[in-house]
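A look at the structure
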Amino acid sequence: MIEEKNNVLCPFCGCLCDDGVVMVEDNKIIGTRNLCRIGHKKFETSQHGRAESPRIRKNGKLVPVTLEEAFDKAAEILANAERPLFYGWSATSVEATQVGCMLTEACRGSIDCTAAICHAPSLEAVQDQGAPLSTLGEVMNRADLIIYWGCNPMHAHPRHMSRYSVYPRGFFRRRGRKSRTIMVIDPRQTNTAKLADLHIQVSPASDHMLVHTFREIINSYDVTHETVSGIPADAIRETVEAIGQHQWAILFFGMGLTQQMGKDMNIDVAITLMHELNKYIGTKTTLMPMRGHFNVAGANITICAETGHPFAVDFSRGYPRYLPGETSAMDLLYRGEIDAMLNIGANPGTSFSNRALSHMAKIPLINIEPHNQQLLQLSDVVFSPAMVGIECEGTAYRMDNVPIKLRKVVEPSENCLPDVVILSEILKRVNELKGKGSWSECWGVQEGNGEVV
Amino acid sequence: MEKLYNLVTREERCVGCSNCVVVCPVNAYNDPAVASGKGPEQLDKVIMCVENGVVKILNMELCNGCGTCVMECPFDAIGLEV
Amino acid sequence: MRMTAETELLIKNGIVYDPINNVDGEVMDVCIRGGKIVDSVSAGAKVIDAKGKAVTPGKVECHSHMVGITPTSARILRPEDIRTRLNVSDGIRRAGGGRTVPTTWELGYEYAKLGFTRAYEAAVTPLYSREAILEFNRYPILNKGIFILFGNNWFVMDYLKSKEQDKLTAFVSFLLKSVGGYAIKIVNPGGNEAYKWNTEWNCHHADDPVPYFGVTPREIIKGLCIANEELGLPHSIHLHTNALGVPGNYEVTLDEINTTKGIAVGSDSGRVQNTHITHVQFNSFGGDDWSTFNSKADVIAKYINQNDHITADSGNVIFGDATTMTADSPAEWALYKMTHNKLISNDSEAEDGVGILPFLYSKKSPVHSVMWAIGLELELLTDPWKMFITTDHPNAGVFLDYPLIYSWLLSEKTRMEEAEKVHPWALKRTGLGGIDKEYSFYELVIATAAGPAKSLGVIKQEGHLSIGAKANVTIWDINPLEDDLSRDPRTDKFATTAYTIKEGEVVVKDGMVVNVPMAPLDVAHTHVDYEIQKVVEDEIKDKFKRYYTVQFENYIVDPDMYLTKADKIDVVSGKVHFIPCATQTEDVIK
Amino acid sequence: MNEIVLRPKDHTRVSLEAEVITPDNFAGKTLEEIENMMVYPGNRTVQLKERFDVSGSPCDTADDLRIIIDGGAPRLKRVGEKMSCGEIVVRGDIDMHIGAEMTGGKITVEGNADNFAGREMHGGLIHIKGNALNHVGGVARGGDKGMTGGKIIVDGDAGDNIGDFMYGGVIKIKGNVGQAAGHNLKGKGTIIIGGNSWSRVGVEAADGTILVKGKVHLSAASLGYGCIGKIVKNPELGGEVIEGEFYELRADMGYKPKAGRAKVYASVGENEHILPGGRTSSPRKGDMPPGRDMLPYLKIYHKEMIERK
């Protein structure tokens, strides 16, 4: 008989919608309600094409093996590696990331999450300028100006506008869509732009110029050129005045600003603009990055609480080090320094550069991935875990860093263990291989002498 | 009195963003959860909801044909047909 | 070695200091069995020779920002801070580092080395309490608890606006139980809600109404204090008054702590006060602006000495780099306009906000020097049972520098040497020059161990060495009877304990962490009669449906997933029952 | 000048962290002691003699000791870190953090250097004859003070973020430069660029001066539209006079307390597009390069990467 599970969290995008309803009949997912098309697809196809047991590559072919053998092989690869990399952590639970940090420290490798190729520039900009942040509820209850800059929620976060920012009736915005102004700044006429009141079609790759012009007008400098990045200067002046008329504004930004030329400088300048709007114009403005994966914010926060830095942390000298440009996953792979890699909760097969993938093909690669994804051709040890949020519980962080508990909807198949258990087993074996004390000889760095970077 | 119009959905275009569900004044009036963006709880008092990722009409008789949902759907996956 | 029922420990002829039992430096033995202090021990017990060493109960940290969204956002903000102090993992300790915002593991080790066995996280927004609990589960050795922010909560202000005190009490009981909190924390009541509208708005004094809700901070403080006493919570309300860091704010402080004067204490947890005012150094400023800035520590100290319904913690300033992080976002915005350092401010829906900003306290600055003097003046003029030593870590300073504060309190000579090095205002604008009082070792133990334990309502099980108490004992390589602490206050000896014993298990030995047990988190479970709870819960569910973006069922912290290591403090009609968590304190995954 | 010669042998792809290779460490030590010093490839610890052939004559005082790394060491990091005197000569390429946080002495690199050359430097001289990559004279992420003194000369091209969060000292680059030269330039630092500079020059700079002899690709709006105060002839910068006429532009006005005093000198000959109504302010172009020719710093990347097999 059909059983309806309520308040199920959708483990896909940064919205982490927690009002999903999933219909289950004797451990089979039949349908969902309230979830968008992407969320529905994740639940619907979660039980298709799943490997029954771990697989190891033997002379070119992935052969199913027992759990014990797979754990031993994985631990042996990681324990002997000179420069292992632990990548991913964005589509798994926070508890797994905590064990992952201990595993990285035990193997003295480097840990990085998918933010390195997504919102790392936002985190770097926060480290230079700080940021005025808020939660999504504040946006629903107070915001009367929503700015989407360089992101397209109708495609990437379908329920974002209807659940949090534009259509809900908030405490102080009782008329919902009518009590809010929507502004979209995007070179393309996207579907989000169709719903906007004002669409600023900036010319590609010159958002930095536009933000600077906003700041110039606010700091009462005159704009000498008549068109800036494709927009007439007086149109920009009207926009700034329009922003000034509102009480509470929120800037959502995505890959359009972070992965453009200038990377973290675009966000640096956008945050300075937010501070100046708060200071000079008096409109309370806040900022929120549209995080992609459902737990990338959780990965950043957990790695930061455990090791002190949000991503790209290197333990090769025994203590945590953070220097994007030297220790992030892309730098290490691009220079070919990595000699063993563990990937969990991410799909580098589609998102890494060819140069990095060509190096990953040469090194032993452990992949914890339920489905058959592109990275399978390169991986040597493949675990098929229980999917977080569908087959096992865990905690995930929404795009505004609010932690919510993921629910278990169906039972996993017999050989599929949760990520936490897989990583703890590997950690136990790595400790044995390394010998309890192997990491206890201090490498000449005593506690408290701070001169070491 | 027989209705002069009919709500039509084109499921292949729908993304399941539930803009139409939330913006519809009838849904918002009948179910406070929908008024604040969440999924409907009383399915009998709501005109449409998102099921299996796409929009699905539940109670056609509640609709008064104001067309707000048609305006707010960027993929025009929902329409009014006379 | 695992803590089993019959492991025994004997601390031979140490110099024992136990203020609760007025033991001031008597040479006695302390026997420990099964994690509790007992009267006698068999011959086979392990012996620690504490001859010529001071034996004191474990210290209690009553106010510090360690876990939750605030410190972790500060860790993201300040990668340069962790580079100042780096530790390699040595098998037992995990790698980590950091000074103002250390990693969670590092905090546990360093606090245990300073002799602390219990610590409380000072400000957590209920929406983010799941993160604080997740990080506390990774916080070794110390017992822990969380203060939940109520000062700007929409539900609280709604019930106060409609004058329904019993519904407010039921709501407080529900929220503390459902998000794993221990005590009520009020920060800048009303001011953060005003800040959420505009960065310049704030509630500047006790009768300044909150926009839309129309409730004044005085009503918020009074309402929450009555709710706290009706529920009989182990700790009183933890109050951070309005107008922090503004010259002339001592009047606001006096006015706000006067409002809760008549309310009777409703709990038998051993506490006397019904209000605990926190980091009071920031709130005893005199003068009208920064040029006429002076200290009003004597007025505040006199008030606290005369009234028993108040305890406080000092919040001393320590010169050097610090990271100000507080839920008082208007104060952080004012700091931001002054210094232009990088500011993170985060407003959470229908609850409180937070502000984080790096800050440098310099000896050359007249204002910082006066703040340094105010902190010391408060401690020297107030009864140590009512004024505990903290630096509101890391707002005014870092907990690693506590021995520096002890040296300034123990020896007037060191204090005056430091006063010479700082700006002359420190002596001109405050009364520090005229005070020649010096703390004795006994008073120091009161202000760091017995006092906070009593004020926080845990005096029944720890904070003293009488029979049946938890065996949280610290042994110092200091002999207060012979060594003249006023001549040489031995800051290095205070920096690490000779032994820290946590429930009968030696955790720190000569400054090295030797054992890492996981201690439980305290959660306060209070009971309200059923109908009020039913009515309030329905109202909460309806409000959640309309004005929150998290479902009501997903808001409540699931006990069997997060609070597996939580001690339940059950309060039934004012009586406090302590129910230890089911699982023994087993080791963390090594 | 006593010399110690280190000849690199069998360097693997994993970079070797050798912050012990500084004249201060080598002074007063015999050859055996130097050979037994620890260097750190990946998470291993290896003695110096396993990766270098050590020869030469040690001496007691550091300031007349010269360390020669004979041959290319493209995977040798943190050489000359925190050195205060003496000299290091690298006959070939070198990896990251060359001369980081150094307070004195001289480093010459005859090949190319990787990122973070001269990071958070306080004094001394670094002369790179080949190309340098990003963050020359830069800052470790999150810090608020980059290079505070000393001099860096790069004969070839350089990458992005030259001298970010710079507080003092001089950076002279003869070739082209990537984007954001002088990003967040806080103190009296001076950057002299011989070739072209990519966009975002002097963005968020509060003080200090940047001189670009070649073409400045436009992006920072304030730069392009700031008041073109005057044309300066032969400005005197970094202790030397530079011939030629330069527009004196106001770099990013920033709102920081001592903001708006940063100056950017762009040569008159090649930068007429900066003037109001100039060519690149046309709507279509924006910040994209005129043609799809290889971006200057990408050229550096590929050349380095191909050689570094």
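Conventions used here
Residues numbered from 1 in each chain as written. Chains lettered and ligands numbered in written order. Predicted model: local features only at pLDDT ≥ 70, side-chain atom pairs only at ≥ 80, totals over all residues. Heavy atoms only, no water. Helix = DSSP H or I, 4+ residues; strand = E, 2+ residues; numbered from the N terminus. Rg over C-alpha atoms; globule rule 2.2 N^0.38 Å. Buried < 20%, exposed > 50% of the residue type's maximum accessible area, 1.4 Å probe, protein only. Contact = heavy atoms within 4.5 Å. Areas by Shrake-Rupley, 256 points an atom, 1.4 Å probe, with all protein chains shown as cover. Lys, Arg positive; Asp, Glu negative; His and termini not counted. Charge placed at Lys NZ, Arg CZ, Asp CG, Glu CD. Salt bridge = Lys/Arg side-chain N within 4 Å of Asp/Glu carboxyl O. Polar contact = N/O pair within 3.5 Å; in protein donor to acceptor, adjacent residues only side chain to side chain. Buried area = accessible area lost by both parts, 1.4 Å probe. Nonpolar A, V, L, I, M, F, W, Y, C, P; charged D, E, K, R; others polar. Pairing = 2+ DSSP bridges. Phe/Tyr/Trp six-rings, centres within 6.5 Å; stacked < 30°, edge-to-face > 60°. Axes fitted to C-alpha atoms, helices over the stretch in contact; angles between N-to-C directions. Parallel < 35°, antiparallel > 145°, perpendicular 65-115°, else oblique. Left-handed = near helix turned anticlockwise from the far one by under 90°. Domains from an automatic or database assignment.

1. Quick look at the overall build of chain A
Helix and strand counts for chain A come out as 17 helices and 22 strands. The C-alpha radius of gyration of chain A comes to 24 Å, within 12% of the 22 Å expected for a compact globule of 453 residues. Counting only residues that meet the buried cut, chain A has 71% of its 453 residues in that class. The long-range fraction of contacts in chain A, counting pairs at least 24 apart against all pairs at least 6 apart in sequence, stands at 66%. Surface exposure of chain A reaches about 12800 Å², of which carbon and sulfur atoms provide 53%. Here chain A carries 45 positive and 51 negative side-chain charges, and the mean point of each set is 5 Å from the other.

2. Describing the overall build of chain C
When helices and strands are counted, chain C shows 20 helices and 27 strands. A compact globule built from 590 residues would reach a C-alpha radius of gyration of about 25 Å, and chain C, at 23 Å, matches this within 12%. Burial status across chain C gives 70% buried among its 590 residues. Nonlocal contacts in chain C, meaning residues at least 24 apart in sequence, comprise 77% of its contacts between residues at least 6 apart. Of the roughly 16900 Å² that chain C leaves accessible, carbon and sulfur atoms contribute 56%.

3. Some points on helix α1 (residues 69–77) of chain C
Think of an α-helix as turning once every 3.6 residues; residues three or four places apart then point the same way. Across the nine residues that make up α1(C), a large majority, nine, are buried. I69(C), T70(C), P71(C), T72(C), S73(C), A74(C), R75(C), I76(C) and L77(C) are the residues of α1(C) that are buried.

4. Some words on the interface of chain A and chain C
With 84 residues of chain A at the contact, the number on the chain C side is 66 residues. Counting the contacts that link chain A with chain C gives seven salt bridges. Between R94(C) and E306(A) there is a salt bridge, and its shortest N-O distance comes to 2.8 Å. Counting across the chain A and chain C interface gives 34 residue pairs in polar contact (both at pLDDT 80 or more).

5. Some points on the interface of chain D and chain C
As a measure of interface size, the accessible area lost when the parts come together is often cited. Across the contact, six residues belong to chain D and six residues belong to chain C. When chain D packs against chain C, the two sides together hide about 470 Å² of surface, and 54% of this comes from carbon and sulfur. Along the contact surface separating chain D from chain C lie zero salt bridges. One can count two residue pairs in polar contact (both at pLDDT 80 or more) joining chain D with chain C. Residue composition of the side of chain D that touches chain C, by class: three nonpolar, two polar and one charged.

6. Some remarks on the sheet that holds strand β3 (residues 38–41) of chain D
Residues and elements named next belong to chain D. Pairing is mixed in the open sheet, where four strands are placed in the order β4-β3-β2-β7. Each end of this open sheet is capped by a strand with a single partner; those strands are β4 (46–47) and β7 (76–77). The pairing of β3 with β4 spans two bridges and is antiparallel. Counterpart to M38 in the pairing with β4 is Q47.

7. Observations concerning the packing of aromatic side chains
All chains considered together, the criterion is met by 43 aromatic pairs over all chains. Ring centres of F172(A) and Y212(C) lie 5.3 Å apart, and the angle between their planes is 90°; this geometry places the pair in the edge-to-face category. Taken together, the residues span two chains, with F172(A) in the loop between α7 (160–165) and β10 (181–185) and Y212(C) in the loop between α7 (191–195) and α8 (217–231). For Y212(C), a relative accessible area of 48% translates into the label partly exposed. Aromatic pair Y212(C) and F213(C): ring centres 5.1 Å apart, planes at 80°, arrangement edge-to-face. Under the relative-accessibility criterion, F213(C) is labelled buried at 2%.

8. Some remarks on the pairing of β10(A)
Residues and elements named next belong to chain A. Buried residues dominate β10, accounting for four of its five residues. Note that strand β9 (residues 145–149) and β10 share five bridges and pair parallel. Across the sheet, the residue bridging to Y148 is V184, located in β10.

9. Description of the packing of helix α9 (residues 207–218) of chain A against helix α12 (residues 264–281) of chain A
All names here are of chain A. It is the contact of α9 with α12, at a shortest axis distance of 10 Å, that shows an interaxial angle of 20°. Considering the angle they form, α9 stands roughly parallel to α12. Seen along the crossing, α9 lies across α12 with a hand that is left-handed. Between α9, through H208, V211, H212, F214, R215 and I218, and α12, the contact on the second element is made entirely by M265, N266, V269, A270, T272, L273, E276, L277, Y280 and I281. The residue makeup of the contact of α9 with α12, split by class, is 10 nonpolar, four polar and two charged.

10. Quick word on the pairing of strand β5 (residues 54–57) of chain C
All names here are of chain C. In β5, alternate side chains face the same way, and those of A54 and T56 on one face and V55 and P57 on the other are all buried. As defined by bridge partners, strand β1 (residues 8–18) adjoins β5 across two bridges and the pair is classed as parallel. In the strand pairing of β5, I15 is matched with A54. Note: β5 against strand β21 (residues 473–476), four bridges, orientation antiparallel. Note that in β21 the partner of T56 across the bridge is T474.

11. Overview of the environment of S345(C)
Summarising the element assignment, S345(C) is placed in strand β18 (residues 343–347). For S345(C) and M518(C), which are 173 residues apart along the polypeptide, the C-alpha to C-alpha distance reads 32 Å. Setting aside residues up to four positions removed in sequence, S345(C) forms contacts with A131(A), P132(A), L133(A), Y195(C), V354(C) and G355(C).

12. Re the pattern of salt bridges
Counted under the stated rule, the structure contains 89 salt bridges over all chains. Here R83(A) ties to D314(A) by a salt bridge, and the two come within 3.2 Å at their closest N and O atoms. Here the residue R83(A) occupies a position in the loop between α2 (67–80) and β6 (84–88), and D314(A) occupies one in strand β16 (residues 313–314), the gap between them amounting to 231 residues. With its nearest N and O atoms 2.9 Å apart, the salt bridge here joins R218(C) to D255(C). Residue R218(C) is located in helix α8, and its partner D255(C) is located in helix α9 (residues 250–258); the two are separated by 37 residues in the primary sequence. On the accessibility criterion, R218(C) (24% relative accessible area) is partly exposed.

13. Concerning unusual backbone geometry
Residue H393(C) is joined to P394(C) through a cis peptide bond whose omega torsion reads -10°. Mapped onto the elements of the fold, P394(C) is located in the loop between β20 (387–388) and α13 (402–410). Of note, K163(C) is a non-glycine position whose phi angle comes to about 55°, a positive value. Along the chain, K163(C) turns up in the loop between α5 (154–161) and α6 (165–178). Phi is positive for N234(D), close to 40°, though the residue is something other than glycine. Summarising the element assignment, N234(D) is placed in the loop between β15 (231–233) and β16 (236–237). For N234(D), a relative accessible area of 39% puts it in the partly exposed group.

14. Looking at the domain arrangement of chain A
Residues and elements named next belong to chain A. One can read the domain layout of chain A as domain 1 (54–118 + 294–443) and domain 2 (121–289). The distance between the C-alpha centroids of domain 1 and domain 2 comes to 35 Å. Counting from both sides, the interface comprises 11 residues of domain 1 and, opposite them, 15 residues of domain 2. The largest contributions to the domain 1 side of the interface with domain 2 come from C118, M399 and D400, which together make up 51% of the buried area. Our count for the contact surface shared by domain 1 and domain 2 stands at zero salt bridges. Remark: the boundary between domain 1 and domain 2 carries five residue pairs in polar contact (both at pLDDT 80 or more).

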